[in-house]
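Residues per chain, in single letters:
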Amino acid sequence: MAASFVIRQATSADAETLARLRYEFRIMLDPPVESVDAFISRCTTWITGHLGAGGSWCCWIAEHSGTAIGMIWLSLLEKIPNPVGELEAYGYITNFYVQTDHRGSGVSRRLLAAAIEECDRRHVFSTILWPTPTSRPLYARHGFAAPRTIMERRADAKLHQLG
Ligand SMILES: CC(C)(COP(=O)(O)OP(=O)(O)OC[C@H]1O[C@@H](n2cnc3c(N)ncnc32)[C@H](O)[C@@H]1OP(=O)(O)O)[C@@H](O)C(=O)NCCC(=O)NCCS
């Protein structure tokens, strides 16, 4: 299996393929609130505009016999320069998805490794992500741990406060 899949950096030419993978992934977790065609069109436009040279987004796509079977995304967030030698970027990993038929095959490890290598190459200070409960062990095996310092405010903060 390992030999028959390829991991490569995606480009805006992959926009529609990535939009379809995104739809496939997200409707597994929550019911859609827009039509598939409306979403694919909106998401394809977004990806085309964000996955180009000089943008803050990177994406790796996994292909099996030329067909897309998975992806992982990384956004780089600049930090303000500091005079103390601390690395000056954050990373945000998201949209990590491998089609069910191709799970357990090492594709996910290769995709996550590609994103982590890019973080190291770009001298990222800290990389964050929001794992599903099931995916936590996979991230833990790649060096991710519960945060020591970060705080979060969610849009539903008011509910949270009441809670
Ligand atoms: C996350 C995902 C890419 C991992 O790929 P995979 O091929 O299943 O993973 P591997 O077989 O290489 O590694 C197994 C690890 O993946 C994670 N995993 C397995 N099934 C999973 C699932 N359905 N959802 C999320 N994570 C899963 C577990 O951490 C597992 O480790 P464990 O066996 O010690 O529990 C894949 O399961 C997936 O696309 N899941 C649905 C989308 C998702 O949850 N993405 C992560 C969002 S943060």
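You'll find the structure just up there.
For the structure given in this document, a descriptive report is provided here. All figures in this text were calculated on a predicted structure; none of them were measured in a lab.

In the structure shown here, the tally under the stated rule is 9 salt bridges. The partner of glutamate 34 in a salt bridge is arginine 42, and the shortest N-O contact between them spans 2.5 Å. Across the pair glutamate 118 and arginine 122 runs a salt bridge, and its minimum N-O distance is 2.7 Å. For arginine 122, a relative accessible area of 36% corresponds to the partly exposed category. In this structure, a network of salt bridges that share partners links the residues Arg8, Asp14 and Glu63.

Looking now at the nonpolar core. Core analysis: the biggest nonpolar cluster contains 24 residues, and Ile7, Trp60, Ile72, Ile93, Val107 and Leu111 have the highest contact counts within it. Those elements that place two or more of their residues in this core are strand 1 (5-9), strand 2 (57-64), strand 3 (67-78), strand 4 (89-98), helix 3 (107-121) and helix 4 (136-141). Sort the elements by how many residues they give to this core and helix 3 lands first, with 6 residues. The contact partners of isoleucine 7, leaving out residues within four places of it in the chain, are Trp60, Ile61, Ala62, Val107, Arg110, Leu111 and Ala114.

Here we take up the packing of helix 1 (residues 15-29) against helix 2 (residues 36-50). Remark: helix 1 packs on helix 2, axes separated minimally by 8 Å, with the N-to-C direction vectors making an angle of 130°. With respect to helix 2, the axis of helix 1 lies oblique. Crossing of helix 1 over helix 2 shows right-handed handedness. On helix 2, the residues touching Ala15, Glu16, Leu18, Ala19, Arg20, Arg22 and Tyr23 of helix 1 are Val36, Phe39, Ile40, Cys43, Thr44, Ile47 and Thr48. Each residue belonging to the contact of helix 1 with helix 2 can be placed in one class, and the counts come to 9 nonpolar, 2 polar and 3 charged.

Cut-offs used in this document
- Residues numbered from 1 in each chain as written.
- Predicted model: local features only at pLDDT ≥ 70, side-chain atom pairs only at ≥ 80, totals over all residues.
- Heavy atoms only, no water.
- Salt bridge = Lys/Arg side-chain N within 4 Å of Asp/Glu carboxyl O.
- Buried < 20%, exposed > 50% of the residue type's maximum accessible area, 1.4 Å probe, protein only.
- Core = buried A, V, L, I, M, F, W, Y, C linked by side-chain atoms within 4.5 Å.
- Helix = DSSP H or I, 4+ residues; strand = E, 2+ residues; numbered from the N terminus.
- Contact = heavy atoms within 4.5 Å.
- Axes fitted to C-alpha atoms, helices over the stretch in contact; angles between N-to-C directions.
- Parallel < 35°, antiparallel > 145°, perpendicular 65-115°, else oblique.
- Left-handed = near helix turned anticlockwise from the far one by under 90°.
- Nonpolar A, V, L, I, M, F, W, Y, C, P; charged D, E, K, R; others polar.

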